[in-house]
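Summary of structural features
One-letter residues, chain by chain:
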Amino acid sequence: MKIAVVIPCFNVRKKILEVLNSIPDEVSIIIVVDDCCPEKTADLVEKEAIDPRIKVIRHESNLGVGGAVITGYRYALTKNAHIIVKLDGDGQMDPLFIPTLIRPILNGSSDYCKGNRFFQLESLEAMPKVRLLGNAILSFVNKVSSGYWSVMDPTNGYTAIHQSALRLLPLMKISQRYFFESDMLFRLGTLR
């Protein structure tokens, strides 16, 4: 089973090498998409990262997190990746959780999985109240529009998708900016 990781990069220069060095050996391809990053993350990765699994893709203009992830998804599909994980380059998502995140896809019980920032109460306590309120409102709206009432953290960006589900999505229609995660759930919901 070939596993790919897509990392959209915009202003993550301080953490990207640490994130790349933490990606487990089960991953076959690491796709770093520099979304016209002003910090020139792609240059740093090409210069400093020695992992042969890394492929750097550069955007000439900023497309947003969704646009960067979609670029990575498309590349992963050309490499026949079976499972594609989206991981942020800022160090907020622990790459060591990748085996846990993809387990439901591997055992055939899911086609798409999302992390949950609220699994531990400490995560809630550490989050600023305004952000917590914003997440609660956005999560409710997301659940209403997508129909995924059981998803605890629908706006979480730590995701994994099976290639068969990804191939069904209209990638050219999915929001490329801030609402990318919500739109993914909506589109997957329409496909059931």
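Read on for an overview of the structure.

Basis of the calculations
- Residues numbered from 1 in each chain as written.
- Predicted model: local features only at pLDDT ≥ 70, side-chain atom pairs only at ≥ 80, totals over all residues.
- Heavy atoms only, no water.
- Helix = DSSP H or I, 4+ residues; strand = E, 2+ residues; numbered from the N terminus.
- Contact = heavy atoms within 4.5 Å.
- Areas by Shrake-Rupley, 256 points an atom, 1.4 Å probe, with all protein chains shown as cover.
- Polar contact = N/O pair within 3.5 Å; in protein donor to acceptor, adjacent residues only side chain to side chain.
- Pairing = 2+ DSSP bridges.
- Axes fitted to C-alpha atoms, helices over the stretch in contact; angles between N-to-C directions.
- Core = buried A, V, L, I, M, F, W, Y, C linked by side-chain atoms within 4.5 Å.
- Buried < 20%, exposed > 50% of the residue type's maximum accessible area, 1.4 Å probe, protein only.
- Expected span 1.5 Å × (residues − 1).
- Salt bridge = Lys/Arg side-chain N within 4 Å of Asp/Glu carboxyl O.

Here we look at the overall build of the protein chain
Across its full length, the protein chain holds eight helices and six strands. Beginning at the N terminus, the succession of helices and strands in the protein chain can be written as β-α-β-α-β-α-β-α-β-α-α-β-α-α. A separation threshold of at least 6 residues defines the contact pool for the protein chain, and within that pool the share at least 24 residues apart is 72%. Carbon together with sulfur atoms contributes 57% to the accessible area of the protein chain, which is approximately 10200 Å² in total.

Let's talk about the side chain of K86
With respect to the helices and strands, K86 occurs in strand β4 (residues 83-86). Polar contacts involving the side chain of K86 include one to the side chain of D88, which spans 2.8 Å.

Let's talk about the sheet that holds strand β2 (residues 29-34)
One open sheet accounts for six strands, arranged β3-β2-β1-β4-β6-β5; its pairing is mixed. With one partner strand each, in any of the chains shown, β3 (54-58) and β5 (112-114) form the two edges of the open sheet. In this sheet, neighbouring strand axes are inclined to one another by 20° on average, regardless of whether the strands run parallel or antiparallel. The sheet contact formed by β5 and strand β6 (residues 159-162) spans three bridges and is antiparallel. Note that in β6 the partner of Y112 across the bridge is I161. Strand contacts of helix α2 (residues 41-48): β1 (3-9), β2 and β3, with the helix running at about 155° to β3, the strand carrying the most contacts. Along the sheet, helix α3 (residues 65-78) makes contact with β1, β2, β3, β4 and β6, crossing β1 at roughly 150°.

With respect to the nonpolar core
Within the largest apolar cluster, 28 residues are counted, with the highest numbers of intra-cluster contacts made by I7, L20 and V85. For this core, the secondary structure elements donating two or more residues are β1, α1 (16-21), β2, α2, β3, β4 and α4 (98-106). Judged by nonpolar contacts, the second largest core, of 25 residues, contains I29, V33, V69 and I70.

Thoughts on helix α8 (residues 180-191)
The end-to-end C-alpha distance of α8 is 17 Å, a good match for the 16 Å that twelve residues give at a rise of 1.5 Å each. Within α8, nine of the twelve residues are buried, which leaves the element mostly enclosed by the surrounding structure. For α8, the set of buried residues is F180, E181, S182, D183, M184, L185, R187, L188 and G189. The first or second residue beyond α8 is R192, which carries a positive phi of 60°.

Observations regarding unusual backbone geometry
The residue C36 is not glycine, and still its phi comes out positive at about 55°. Overall, the relative accessible area of 34% leaves C36 in the partly exposed class. If you check the backbone angles, K40 has positive phi at about 55° while not being a glycine. Assignment of secondary structure puts K40 in the loop between β2 and α2.

Focus on the pattern of salt bridges
Applying the stated criterion across every chain yields a total of five salt bridges. Between R53 and D51 there is a salt bridge whose closest N-O contact spans 2.7 Å. Since its relative accessible area comes to 17%, R53 is described here as buried. Assessed through its relative accessible area of 21%, D51 is described here as partly exposed. Connected through shared salt-bridge partners, D43, E46 and R58 make up one network.

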